[in-house]
Amino acid sequence: MKHLILVSIILTMIGGRLIAQETPLNNLFKGFSQPFSHQETIVPFGLEVSFHKTSHLLFKSPIRYVDLGSNNLIAGKAKQAENVLRVKASKAYFDAETSLTVICADGSFYAFNVKYADEPEKLNIDMNEVVLKDAQVQPNKQTVFFEELGNESPRWVDLVMQTIYKNNDTHIRHIGAKKARIQFHLKGLYVEKGLFYFHTELKNRSKTPFEIDFITFKIIDKKLLKKTAIQELPISPVRVFHSVTKVDRKSKERTIFCLGKITLPNDKLLEVSVFEKNGGRHQTFLLESKDWEQAQTIEKLQVRWE
(Lines give C-alpha, C1' and ligand atoms only; values in the text may rest on other atoms or scores of the structure.)
Protein backbone atom coordinates (compact mmCIF):
# COMPACT_ATOMS: atom_id res chain seq x y z
CA MET A 1 0.00 0.00 0.00
CA LYS A 2 1.33 3.41 -0.95
CA HIS A 3 1.83 5.93 1.85
CA LEU A 4 -0.50 8.92 1.80
CA ILE A 5 1.48 12.18 1.78
CA LEU A 6 -0.07 15.59 2.36
CA VAL A 7 0.66 17.89 -0.57
CA SER A 8 0.30 21.53 -1.45
CA ILE A 9 -0.22 23.02 -4.90
CA ILE A 10 2.46 25.46 -6.06
CA LEU A 11 2.06 27.47 -9.24
CA THR A 12 5.38 27.54 -11.13
CA MET A 13 6.17 29.60 -14.22
CA ILE A 14 7.50 27.22 -16.88
CA GLY A 15 7.84 28.37 -20.48
CA GLY A 16 5.56 31.32 -19.91
CA ARG A 17 2.80 29.16 -18.48
CA LEU A 18 1.67 28.57 -14.88
CA ILE A 19 2.12 24.89 -14.04
CA ALA A 20 0.56 23.34 -10.92
CA GLN A 21 3.02 21.13 -9.03
CA GLU A 22 2.40 18.93 -6.02
CA THR A 23 4.88 19.46 -3.18
CA PRO A 24 4.94 17.57 0.12
CA LEU A 25 3.99 19.77 3.07
CA ASN A 26 6.90 18.43 5.08
CA ASN A 27 9.39 20.15 2.79
CA LEU A 28 9.65 22.87 5.45
CA PHE A 29 11.54 20.38 7.64
CA LYS A 30 14.85 18.65 7.08
CA GLY A 31 13.92 15.04 6.55
CA PHE A 32 10.57 13.27 6.55
CA SER A 33 8.07 14.37 9.19
CA GLN A 34 4.38 13.86 9.87
CA PRO A 35 1.70 16.10 11.36
CA PHE A 36 0.27 15.74 14.85
CA SER A 37 -3.33 14.61 15.20
CA HIS A 38 -5.88 16.74 17.03
CA GLN A 39 -5.90 14.32 19.98
CA GLU A 40 -2.14 14.79 20.45
CA THR A 41 -2.27 18.56 20.75
CA ILE A 42 -3.24 20.79 23.67
CA VAL A 43 -5.49 23.52 22.32
CA PRO A 44 -4.50 26.92 23.74
CA PHE A 45 -6.90 29.29 25.45
CA GLY A 46 -7.34 32.78 24.04
CA LEU A 47 -6.18 35.44 26.49
CA GLU A 48 -6.37 39.23 26.17
CA VAL A 49 -3.94 41.47 28.04
CA SER A 50 -3.66 45.23 28.45
CA PHE A 51 -0.91 47.72 29.25
CA HIS A 52 -3.26 49.68 31.51
CA LYS A 53 -4.78 46.76 33.47
CA THR A 54 -3.47 43.55 35.04
CA SER A 55 -5.00 40.16 34.28
CA HIS A 56 -4.98 37.43 36.95
CA LEU A 57 -5.10 33.68 36.30
CA LEU A 58 -6.09 31.46 39.24
CA PHE A 59 -4.89 27.84 39.09
CA LYS A 60 -5.78 24.85 41.27
CA SER A 61 -2.22 24.21 42.49
CA PRO A 62 1.02 26.20 42.91
CA ILE A 63 2.73 27.43 39.77
CA ARG A 64 6.07 25.77 38.99
CA TYR A 65 6.97 27.14 35.55
CA VAL A 66 6.02 30.10 33.33
CA ASP A 67 7.20 30.80 29.79
CA LEU A 68 6.46 34.02 27.89
CA GLY A 69 6.41 33.89 24.11
CA SER A 70 7.86 37.39 23.69
CA ASN A 71 9.01 40.44 25.62
CA ASN A 72 5.64 42.04 24.91
CA LEU A 73 4.41 40.25 28.05
CA ILE A 74 5.36 40.52 31.70
CA ALA A 75 4.16 38.03 34.29
CA GLY A 76 4.85 36.90 37.83
CA LYS A 77 3.31 34.99 40.70
CA ALA A 78 1.26 37.09 43.09
CA LYS A 79 2.95 37.72 46.43
CA GLN A 80 2.07 35.05 49.01
CA ALA A 81 -0.22 33.34 46.48
CA GLU A 82 1.63 30.52 44.73
CA ASN A 83 -1.31 29.63 42.47
CA VAL A 84 -2.10 33.11 41.10
CA LEU A 85 -0.32 34.52 38.03
CA ARG A 86 -0.29 38.24 37.16
CA VAL A 87 -0.06 39.00 33.43
CA LYS A 88 -0.02 42.28 31.50
CA ALA A 89 1.43 43.86 28.37
CA SER A 90 4.86 45.46 28.63
CA LYS A 91 3.85 48.04 26.04
CA ALA A 92 0.62 49.33 24.58
CA TYR A 93 -0.87 48.06 21.34
CA PHE A 94 1.55 45.33 20.31
CA ASP A 95 0.43 43.73 17.06
CA ALA A 96 1.82 40.19 16.92
CA GLU A 97 0.01 37.48 18.83
CA THR A 98 2.24 35.70 21.34
CA SER A 99 2.09 32.72 23.69
CA LEU A 100 2.04 31.93 27.40
CA THR A 101 2.70 28.53 28.99
CA VAL A 102 2.13 27.55 32.62
CA ILE A 103 2.98 24.31 34.45
CA CYS A 104 1.59 23.69 37.95
CA ALA A 105 2.76 21.52 40.81
CA ASP A 106 0.01 18.93 40.19
CA GLY A 107 1.52 18.23 36.76
CA SER A 108 -1.07 20.21 34.80
CA PHE A 109 -0.02 22.01 31.62
CA TYR A 110 -1.77 25.14 30.31
CA ALA A 111 -1.21 26.89 26.98
CA PHE A 112 -2.47 30.33 25.94
CA ASN A 113 -2.50 32.40 22.76
CA VAL A 114 -2.21 36.01 23.88
CA LYS A 115 -3.18 39.19 22.06
CA TYR A 116 -3.43 42.83 23.04
CA ALA A 117 -6.72 44.47 24.02
CA ASP A 118 -6.89 47.94 25.53
CA GLU A 119 -10.02 46.85 27.44
CA PRO A 120 -9.90 43.05 27.95
CA GLU A 121 -13.28 41.38 28.13
CA LYS A 122 -12.11 39.16 31.02
CA LEU A 123 -9.48 40.23 33.54
CA ASN A 124 -9.66 37.63 36.32
CA ILE A 125 -10.04 33.98 35.31
CA ASP A 126 -10.38 30.86 37.46
CA MET A 127 -8.75 28.18 35.31
CA ASN A 128 -10.08 25.38 37.50
CA GLU A 129 -13.66 26.50 36.84
CA VAL A 130 -12.92 26.70 33.11
CA VAL A 131 -11.78 23.07 33.03
CA LEU A 132 -14.69 21.83 35.15
CA LYS A 133 -17.28 23.73 33.13
CA ASP A 134 -16.32 22.42 29.72
CA ALA A 135 -15.67 18.68 29.64
CA GLN A 136 -14.45 18.96 26.03
CA VAL A 137 -11.57 21.21 27.07
CA GLN A 138 -8.60 19.29 28.45
CA PRO A 139 -5.66 21.64 29.04
CA ASN A 140 -5.14 20.05 32.42
CA LYS A 141 -3.61 16.82 31.15
CA GLN A 142 -1.40 15.14 33.73
CA THR A 143 1.58 14.79 31.41
CA VAL A 144 4.23 16.74 33.32
CA PHE A 145 6.56 14.87 35.66
CA PHE A 146 9.00 16.38 38.14
CA GLU A 147 12.44 15.05 38.96
CA GLU A 148 11.85 14.87 42.70
CA LEU A 149 8.86 12.54 42.19
CA GLY A 150 10.70 10.11 39.93
CA ASN A 151 8.27 8.36 37.60
CA GLU A 152 5.20 9.11 39.69
CA SER A 153 2.44 11.43 38.50
CA PRO A 154 2.14 14.58 40.67
CA ARG A 155 -1.62 14.19 40.60
CA TRP A 156 -1.35 10.62 41.85
CA VAL A 157 0.91 11.69 44.72
CA ASP A 158 -1.65 14.34 45.70
CA LEU A 159 -4.46 11.76 45.63
CA VAL A 160 -2.46 9.37 47.82
CA MET A 161 -1.87 12.08 50.44
CA GLN A 162 -5.53 13.13 50.35
CA THR A 163 -6.63 9.50 50.81
CA ILE A 164 -4.28 8.98 53.77
CA TYR A 165 -5.60 12.15 55.38
CA LYS A 166 -9.24 11.25 54.72
CA ASN A 167 -8.94 7.67 56.03
CA ASN A 168 -7.12 8.82 59.18
CA ASP A 169 -5.96 5.30 59.98
CA THR A 170 -3.49 4.55 62.78
CA HIS A 171 -1.20 1.56 62.32
CA ILE A 172 1.87 2.87 64.17
CA ARG A 173 1.55 3.59 67.88
CA HIS A 174 5.06 3.38 69.29
CA ILE A 175 6.81 6.25 67.49
CA GLY A 176 6.37 9.73 68.92
CA ALA A 177 7.36 12.30 71.54
CA LYS A 178 5.47 13.98 74.36
CA LYS A 179 6.39 16.76 76.79
CA ALA A 180 4.90 19.98 78.16
CA ARG A 181 1.42 18.67 77.25
CA ILE A 182 2.41 18.58 73.56
CA GLN A 183 2.46 15.28 71.66
CA PHE A 184 3.97 14.74 68.20
CA HIS A 185 3.68 11.23 66.81
CA LEU A 186 3.65 9.12 63.66
CA LYS A 187 0.26 7.57 62.86
CA GLY A 188 1.21 5.82 59.65
CA LEU A 189 3.98 5.16 57.13
CA TYR A 190 3.34 4.22 53.50
CA VAL A 191 5.64 3.49 50.56
CA GLU A 192 5.28 3.26 46.80
CA LYS A 193 7.86 3.47 43.99
CA GLY A 194 10.54 4.89 46.25
CA LEU A 195 8.30 7.56 47.79
CA PHE A 196 7.55 7.51 51.53
CA TYR A 197 4.39 9.04 53.01
CA PHE A 198 4.50 10.08 56.68
CA HIS A 199 1.17 10.62 58.46
CA THR A 200 1.89 12.77 61.52
CA GLU A 201 -0.30 14.22 64.25
CA LEU A 202 0.43 17.09 66.62
CA LYS A 203 -1.74 17.28 69.75
CA ASN A 204 -1.88 20.30 72.02
CA ARG A 205 -3.35 19.53 75.43
CA SER A 206 -2.05 22.76 76.96
CA LYS A 207 -3.92 26.03 77.52
CA THR A 208 -1.81 28.02 75.03
CA PRO A 209 -1.59 27.67 71.23
CA PHE A 210 1.42 25.91 69.71
CA GLU A 211 2.75 27.96 66.78
CA ILE A 212 4.90 25.93 64.40
CA ASP A 213 8.15 27.51 63.30
CA PHE A 214 9.39 24.66 61.07
CA ILE A 215 9.53 20.86 60.80
CA THR A 216 12.73 18.99 59.90
CA PHE A 217 13.62 15.52 58.61
CA LYS A 218 17.25 14.42 58.76
CA ILE A 219 19.33 11.25 58.86
CA ILE A 220 21.76 11.13 61.76
CA ASP A 221 24.47 8.75 62.95
CA LYS A 222 23.17 6.51 65.73
CA LYS A 223 26.56 6.35 67.46
CA LEU A 224 26.88 10.14 67.64
CA LEU A 225 23.31 10.72 68.80
CA LYS A 226 24.27 11.66 72.38
CA LYS A 227 27.61 13.29 71.59
CA THR A 228 27.28 15.78 68.78
CA ALA A 229 25.02 17.13 66.07
CA ILE A 230 27.45 16.53 63.21
CA GLN A 231 27.07 13.86 60.52
CA GLU A 232 23.55 15.02 59.70
CA LEU A 233 21.84 14.73 56.32
CA PRO A 234 18.80 17.05 56.01
CA ILE A 235 15.91 15.79 53.87
CA SER A 236 13.29 18.09 52.39
CA PRO A 237 9.76 16.76 51.74
CA VAL A 238 8.84 16.77 48.06
CA ARG A 239 5.14 17.31 48.84
CA VAL A 240 3.11 18.31 51.91
CA PHE A 241 -0.65 17.93 52.38
CA HIS A 242 -2.54 19.99 54.98
CA SER A 243 0.41 22.04 56.16
CA VAL A 244 -0.41 23.89 59.39
CA THR A 245 1.21 26.81 61.17
CA LYS A 246 -0.60 26.61 64.51
CA VAL A 247 -2.34 24.09 66.75
CA ASP A 248 -4.86 25.77 69.00
CA ARG A 249 -5.13 24.88 72.65
CA LYS A 250 -6.96 21.66 73.45
CA SER A 251 -6.89 20.60 69.79
CA LYS A 252 -4.90 18.58 67.26
CA GLU A 253 -3.81 18.78 63.62
CA ARG A 254 -2.61 16.18 61.11
CA THR A 255 -0.20 16.55 58.17
CA ILE A 256 0.97 14.21 55.40
CA PHE A 257 4.61 14.52 54.28
CA CYS A 258 5.92 12.88 51.11
CA LEU A 259 9.66 12.18 51.05
CA GLY A 260 11.78 10.85 48.21
CA LYS A 261 13.92 7.74 48.28
CA ILE A 262 15.41 7.14 51.74
CA THR A 263 17.95 4.50 52.67
CA LEU A 264 18.41 3.95 56.39
CA PRO A 265 21.24 1.55 57.37
CA ASN A 266 21.31 -0.05 60.80
CA ASP A 267 23.77 2.55 62.10
CA LYS A 268 21.55 5.49 61.08
CA LEU A 269 18.36 7.05 62.41
CA LEU A 270 15.73 9.29 60.85
CA GLU A 271 15.05 12.25 63.13
CA VAL A 272 11.75 14.12 62.75
CA SER A 273 11.37 17.35 64.73
CA VAL A 274 8.82 20.13 65.09
CA PHE A 275 9.98 23.46 66.50
CA GLU A 276 7.78 25.96 68.29
CA LYS A 277 7.96 29.57 67.19
CA ASN A 278 9.15 31.82 70.02
CA GLY A 279 8.89 28.90 72.42
CA GLY A 280 10.73 25.87 73.75
CA ARG A 281 8.20 23.06 73.50
CA HIS A 282 10.04 21.37 70.61
CA GLN A 283 9.23 17.73 69.86
CA THR A 284 11.42 15.04 68.25
CA PHE A 285 10.90 11.37 67.44
CA LEU A 286 13.26 8.85 65.83
CA LEU A 287 12.85 6.01 63.34
CA GLU A 288 15.21 3.06 63.00
CA SER A 289 15.75 0.87 59.96
CA LYS A 290 13.49 -1.81 61.49
CA ASP A 291 10.63 0.71 61.58
CA TRP A 292 10.64 0.63 57.75
CA GLU A 293 8.95 -2.76 58.11
CA GLN A 294 5.90 -0.89 59.44
CA ALA A 295 5.42 0.84 56.08
CA GLN A 296 2.26 -0.22 54.28
CA THR A 297 1.78 -0.38 50.54
CA ILE A 298 -0.47 2.07 48.74
CA GLU A 299 -2.70 -0.73 47.42
CA LYS A 300 -4.28 -1.05 50.87
CA LEU A 301 -5.47 2.56 50.68
CA GLN A 302 -7.64 1.88 47.61
CA VAL A 303 -6.77 5.22 46.03
CA ARG A 304 -9.07 6.17 43.17
CA TRP A 305 -8.62 8.73 40.44
CA GLU A 306 -11.10 11.60 40.69
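Everything that follows concerns the structure shown earlier in this document.
This section reports on the structure supplied with the text. For every chain, the first residue of its written sequence is number 1, and the numbers climb from 1 along that sequence. Whole-chain, interface and lining totals are the exception, using all residues; otherwise, since this is a predicted model, local features are given only for residues with pLDDT of at least 70 and side-chain atom pairs are given and counted only at 80 or more. The basis for every side-chain value is the complete set of heavy atoms in the structure, and neither hydrogens nor water enter the calculation.

## Considering the overall build of the protein chain
- In DSSP terms, a helix is any run of H or I states spanning at least four residues, a strand is any run of E spanning at least two, and both are numbered starting from the N terminus. Along the protein chain, the regular secondary structure elements total two helices and 21 strands.
- Across the 306 residues in the protein chain, those meeting the buried criterion constitute 39%.
- By definition, residues are in contact when any of their heavy atoms lie within 4.5 Å. For the protein chain, the share of sequence-separated contacts (at least 6 apart) that also reach a separation of at least 24 residues comes to 64%.
- Per-residue and other accessible areas were derived by the Shrake-Rupley procedure at a 1.4 Å probe size, with only the shown protein chains allowed to occlude residues. A total accessible area of about 19,200 Å² is found for the protein chain, and carbon and sulfur atoms account for 51% of it. Each residue is assigned to one of three classes by its accessible area relative to the maximum for its type, calculated with a 1.4 Å probe on protein chains only: buried under 20%, partly exposed between the two thresholds, exposed over 50%.

## Overview of the pattern of salt bridges
- Just to be clear on terms, a salt bridge is a Lys or Arg side-chain nitrogen sitting within 4 Å of an Asp or Glu carboxyl oxygen. One pass over the structure, following the stated rule, counts eight salt bridges.
- The partner of aspartate 221 in a salt bridge is lysine 268, with the nearest N and O atoms 3.9 Å apart. Here lysine 268 lies in strand β19 (residues 268-276) and aspartate 221 lies in strand β14 (residues 210-221), a separation of 47 residues in the sequence.
- In this structure aspartate 221 comes out as buried when scored by relative accessible area, which is 15%.
- With a closest N to O distance of 2.7 Å, glutamate 276 and arginine 281 form a salt bridge.

## Some points on the sheet that holds strand β4 (residues 55-58)
- Think of it this way: DSSP has to see at least two bridges between two strands before they count as a pair. A sheet is described by the order of its strands in space; here four strands give the open sequence β6-β7-β4-β10, paired in mixed fashion. Sheet topology places β6 (73-77) and β10 (124-126) at the edges, where each strand pairs with a single neighbour. The mean inter-strand angle of the sheet, taken between neighbouring strand axes irrespective of direction, is 20 degrees.
- Examined bridge by bridge, β4 and strand β7 (residues 84-89) share four bridges and lie antiparallel to one another. Considered in β7, the bridge of histidine 56 is made with arginine 86. Fitted lines through C-alpha atoms serve as axes, helices being fitted only where they are in contact, and the angles separating the N-to-C directions of these axes extend from 0 to 180 degrees.

## With respect to the packing of aromatic side chains
- Centres within 6.5 Å are what make two rings of Phe, Tyr or Trp a pair, Trp counting through its six-membered ring; a difference in plane orientation under 30 degrees is then read as stacked, over 60 as edge-to-face, and the rest as tilted. Within this structure, the stated rule accounts for 11 aromatic pairs.
- Taken together, the ring pairs connect Phe196, Phe198, Phe217, Phe257 and Trp292 into an aromatic cluster.
- The criterion for a charge sitting over a ring is simple: Lys NZ or Arg CZ within 6 Å of the ring centre, and within 35 degrees of the ring normal. Seen from the ring of tyrosine 165, arginine 254 lies directly overhead, with NZ or CZ sitting 4.0 Å from the centre.

## Description of the nonpolar core
- Grouping buried Ala, Val, Leu, Ile, Met, Phe, Trp, Tyr and Cys residues that are joined through side-chain atoms within 4.5 Å yields what is termed a nonpolar core. In terms of nonpolar packing, the biggest core is built from 27 residues, with Leu189, Phe198, Leu202, Ile262, Leu270, Leu287 and Trp292 touching the most fellow members.
- Taken together, the elements giving at least two residues each to this core come down to β12 (182-192), β13 (195-204), β14, β18 (251-259), β19 and β20 (283-287).
- Within the second largest apolar cluster, 20 residues are counted, among which are Phe45, Phe94, Leu100 and Ile125.

## Observations concerning unusual backbone geometry
- At tyrosine 93, a residue that is not glycine, the phi angle is positive and equals roughly 60 degrees.
- Relative to the elements of secondary structure, tyrosine 93 occurs in the loop between β7 and β8 (98-104).
- Taking relative accessible area as the criterion, tyrosine 93 reaches 52% and is therefore assigned exposed.
- Despite not being glycine, histidine 242 shows a phi value in the positive range, around 60 degrees.
- With respect to the helices and strands, the residue histidine 242 is situated in the loop between β16 (239-241) and β17 (246-247).

## Notes on the environment of asparagine 128
- Relative to the assigned elements, asparagine 128 resides in helix α1 (residues 127-133).
- Look at asparagine 128 and you get partly exposed, because its relative accessible area is 22%.
- Taking C-alpha positions, asparagine 128 is 6.0 Å from phenylalanine 59, a pair spaced 69 residues apart along the chain.
- In this structure, asparagine 128 is in contact with Leu58 and Lys60, ignoring residues within four places of it in sequence.

## Some remarks on the pairing of β14
- Direction of pairing for β14 relative to β17: antiparallel, over a ladder of two bridges. Bridge pairing in β17 links phenylalanine 210 to valine 247.
- Sheet topology note: the β14/strand β15 (residues 233-235) ladder contains three bridges and is antiparallel. Among the inter-strand pairings, lysine 218 is bridged to a residue of β15, identified as proline 234.

## Regarding the environment of phenylalanine 241
- Counting through the fold element by element, phenylalanine 241 comes out in strand β16.
- The exposure class of phenylalanine 241 is partly exposed, given its relative accessible area of 25%.
- With 83 residues separating them in the primary sequence, phenylalanine 241 and aspartate 158 have C-alpha atoms 7.6 Å apart.
- Residues within four places of phenylalanine 241 in sequence aside, it is in contact with Met161, Gln162, Tyr165, Thr255 and Ile256.

## Things to note about the sheet that holds strand β3 (residues 45-49)
- Taken together, the four strands give an open sheet; going across it, the order is β3-β9-β8-β5, and neighbouring strands pair in mixed fashion. For this open sheet the edge positions go to β3 and β5 (63-68), each flanked by a neighbour on one side alone. The average angle at which neighbouring strand axes cross in this sheet is 30 degrees, direction not considered.

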